[in-house]
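Here is what each chain is made of, one letter per residue.
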Amino acid sequence: MTKVSRLTDEQNRSWSERGFFRIPGFAPAETCNAMQARVIEIVRNPVEASEVGARVLPENNKVGGAVANPEDAVSKVFGLHRDGVFSSFALSEPVVELVAQLIAPDIDVFLSQFIFKTSGAWGQPWHQDSFYFPFEPPRPVVGVWLAVTEATLVNGCLHVLPGSQVEPVHTHVPDRRPGANHGYFEIVDHDMASAGPVLMDPGDLLVFDSHLMHRSTDNESDGIRAAMVYHYAAAGTVDRSEEFFPSFNDWRPARRAQ
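In short, a report on the structure. (Residues numbered from 1 in each chain as written. Predicted model: local features only at pLDDT ≥ 70, side-chain atom pairs only at ≥ 80, totals over all residues. Heavy atoms only, no water.)

## Considering the packing of aromatic side chains
By convention here, two paired aromatic rings are described through the distance between centres and the angle between planes. Evaluated as defined, the whole model comprises 13 aromatic pairs. Within the aromatic cluster, the residues linked to one another by ring pairs are F110, F133, F135 and W251. The ring of F248 has R55 lying over it, and the distance from NZ or CZ to the ring centre is 3.8 Å. (Phe/Tyr/Trp six-rings, centres within 6.5 Å; stacked < 30°, edge-to-face > 60°. Lys NZ or Arg CZ within 6 Å of the ring centre and 35° of its normal.)

Here's what the structure looks like:
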């Protein structure tokens, strides 16, 4: 993986002004391929998924339909950051040293999800990740989004609203599409006209503030748009998620200053 010493001036500026930055070629193809192969193993073996502690969520618009493989009907798999290649990446020095510069010397990883985004899968509407994170203190929380496959306009790449990280958490309403995926909420009270897509190649890493407004579009391609996402917060953060909705969070120390 890319060695990270200090954030560059450009990365710091983009973080302050836009709420995100992208690092091309952060992870090698071997890492991306290993992640995809491992999560398919987990999805195809419910017993192993239970042993790992993974939570497999269906792609609702494919429920009941014919699929070639079990993973073709999966939306996301949560709770992977204690397993194999996923843990290795989450706790790797290049990742934690990068994230610690944006949060604090002592950080935890608390959430992980593999996103399959198979052909025909719906996108996720405009939202802020911090809506799902009722924490004390509320921020900073940082997400790292690893492109496991190419992310394009056709297969449903992310779109972000630069500068929206300075906004408070806006009102989110349940995704208004009939049969929307579990846990999908959307922002309906903000102008998104200045948003733009984030095109990514396999191995690229998007680092973003949890208040950044973002969405993804439907996968209109014949292939998959896979990504692996982790979220980090300062050690000692108080998690109030269980008071609002069943939590998918699993807190694990990621870095401790020497």
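Structure's up, so let's keep going.
## As for the side chain of R255
Counting through the fold element by element, R255 comes out in strand 15 (residues 252-255). Within the structure, the side chain of R255 is placed 2.8 Å from the side chain of E97, a separation counted as a polar contact. Within the structure, the side chain of R255 is placed 2.6 Å from the backbone oxygen of P105, a separation counted as a polar contact. Sequence-distant contacts of R255, that is, excluding residues within four places in its chain, are made with V96, E97, A100, P105, D106 and I107. (Helix = DSSP H or I, 4+ residues; strand = E, 2+ residues; numbered from the N terminus. Polar contact = N/O pair within 3.5 Å; in protein donor to acceptor, adjacent residues only side chain to side chain. Contact = heavy atoms within 4.5 Å.)

## A short note on the sheet that holds strand 10 (residues 196-198)
By way of backbone hydrogen bonds, the strands of a sheet pair with one another, either parallel or antiparallel. Strand order across the open sheet formed by 3 strands is 10-7-12, with antiparallel pairing between neighbours. The sheet is open, and its two borders are formed by strand 10 and strand 12 (214-216), each paired with just one other strand. When the angles between neighbouring strand axes are averaged without regard to direction, this sheet yields 35 degrees. In this structure, strand 7 (residues 158-160) lies alongside strand 12, joined through 3 bridges in antiparallel fashion. Following the sheet pairing, V160 is matched in strand 12 by H214. (Pairing = 2+ DSSP bridges. Axes fitted to C-alpha atoms, helices over the stretch in contact; angles between N-to-C directions.)

## With respect to the pairing of strand 6 (residues 141-147)
Across the 7 residues that make up strand 6, a large majority, 7, are buried. Residues of strand 6 alternate between two faces, with V141, G143, W145 and A147 on one and V142, V144 and L146 on the opposite face, all of them buried. Relative to strand 13 (residues 227-234), strand 6 is paired through 7 bridges, and the arrangement is antiparallel. Following the sheet pairing, L146 is matched in strand 13 by M228. Across 5 bridges, the pairing between strand 6 and strand 11 (residues 205-209) is antiparallel. (Buried < 20%, exposed > 50% of the residue type's maximum accessible area, 1.4 Å probe, protein only.)

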